[in-house]
Amino acid sequence: MTVAEEAEKYGLHRVGARPTLANYLKQTWQRREFIYELAKARVQSQNQKNRLGMIWIVLKPTFNALMYGAIFGILMGGKRGVDYPVFVVIGVFLFEFFTTSMNGGAKSITGNKALVQSLAFPRLALPVAQVTQNLLTLVPMLIVMFLYSMILGTIPKITWFGIVPLLVLFTIFNMGIALICARVTVHVRDFTQILPLVGRVLFYTSGVLFSADRLLNEWPWMIAIFDLHPIYQTLQIARGLVMNQYEYNADAWAVVGLWAVGTLLIGVIYFWNAEERYGRAN
């Protein structure tokens, strides 16, 4: 009998060995309290050294909305549409959730090298904790977003509660993106240098500052592309739910839902396939 067969006989397994996908997900779920506490601790320490502390969570997207809104509001002129300040606030605040999940997810394994190499746990917990951290950060941002909307003239309505299921789908989508980026960064460390550029390109091409129907009405084929754009459609739904008299296509829910589920499935399987390599990554 070989050593491997003897170990299997007594239930001994190789350190870092990849479990089945079902067991992997089960082990991750069993560590849900650890994931939440890790995320909460990181939120609390995020801006601890700054004089204004946690206030920066909402100050940063607020300044971005003011700057980009002023610049693009002037450049777009009559094509910016009504309630443009609210339009920009919703876009900037929600897009911040996406970029922090993508960038943070990319560094979730490589940035926790000591933890990965010293403790036995499903590495999936780290990118999940990162997205959970960003979700906890988003909650006060959403409250401020609604306050800004009311200050800027938006009337509260029952559809505001639709943000909750939309946020669930957007979180699922961001989780899949974070998992994909986490594994890519383990194999290609330089990927983190490219991500800020990717984020900037997506910022300007995801409808954060414009409506495709208004800006691209002379190019129907481009509007058709935006009809399948997950981030753009997420922002469109959010604006339709929050803003006064802002219409969106109901099919956007199906688009966002399919992207969310598909991205998460691909992300989980792609990340799980390399589980044995994370602890050996230099």
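See the structure above.
Definitions and limits used
As a convention, each chain's residues are numbered from 1 in the sequence order in which they are written. The model is predicted, so local features are restricted to residues of pLDDT at least 70 and side-chain atom pairs to those at 80 or more, both for listing and for counting; the totals for chains, interfaces and linings are taken over all residues. Each side-chain value is worked out from all heavy atoms of the structure, with water and hydrogens disregarded. In DSSP terms, a helix is any run of H or I states spanning at least four residues, a strand is any run of E spanning at least two, and both are numbered starting from the N terminus. Relative accessibility under 20% of the residue-type maximum defines a buried residue, over 50% an exposed one, and the middle range a partly exposed one, all with a 1.4 Å probe and only protein chains included. Contacts: residue pairs with any heavy atoms within 4.5 Å of one another. Interaxial angle, 0 to 180 degrees, is taken between N-to-C directions of lines fitted to C-alpha atoms, where a helix line uses only the stretch in contact. With the far helix as reference, a near helix turned anticlockwise by less than a right angle produces a left-handed crossing, and one turned clockwise produces a right-handed crossing. Classification convention: Asp, Glu, Lys, Arg as charged; Ala, Val, Leu, Ile, Met, Phe, Trp, Tyr, Cys, Pro as nonpolar; all other residues, Gly among them, as polar. Patches were defined on residues exceeding 30% relative accessible area and lacking a salt bridge, with like-charge contacts within 9 Å and nonpolar side-chain contacts (Val, Leu, Ile, Met, Phe, Trp, Tyr) within 5 Å. Computed with a 1.4 Å probe, the accessible areas rest on the Shrake-Rupley method; for each residue, only the protein chains presented here act as cover. The term salt bridge refers to a pairing of a side-chain nitrogen on Lys or Arg with a carboxyl oxygen on Asp or Glu at a separation within 4 Å.

**Q** I'd love a proper account of the environment of Met175, names of residues and values included.
**A** Within the secondary structure, Met175 sits in helix H8 (residues 163-187). A relative accessible area of 14% means that Met175 is categorised as buried. If near-sequence neighbours (up to four positions away) are discounted, Met175 is found in contact with Pro127, Val128, Val131 and Leu264.

**Q** Lay out the packing of helix H7 (residues 125-151) against H8 with the relevant residues and their values.
**A** Orientation of H7 relative to H8, taken along the N-to-C sense of each, is 145 degrees, at an axis distance of 10 Å. Handedness of the H7/H8 crossing: right-handed. On H8, the residues touching Pro127, Val128, Val131, Leu135, Leu138, Leu142 and Phe146 of H7 are Ile163, Leu167, Thr171, Asn174, Met175, Ala178 and Leu179. Classifying every residue of the contact of H7 with H8 gives twelve nonpolar, two polar and no charged.

**Q** A description of a nonpolar patch on the surface should follow, citing residues and the corresponding values.
**A** On the surface, a nonpolar cluster with roughly 560 Å² of combined accessible area is contributed by Val139, Ile143, Leu147, Met150, Ile151 and Leu152. By secondary structure assignment, the location of Met150 is in helix H7.

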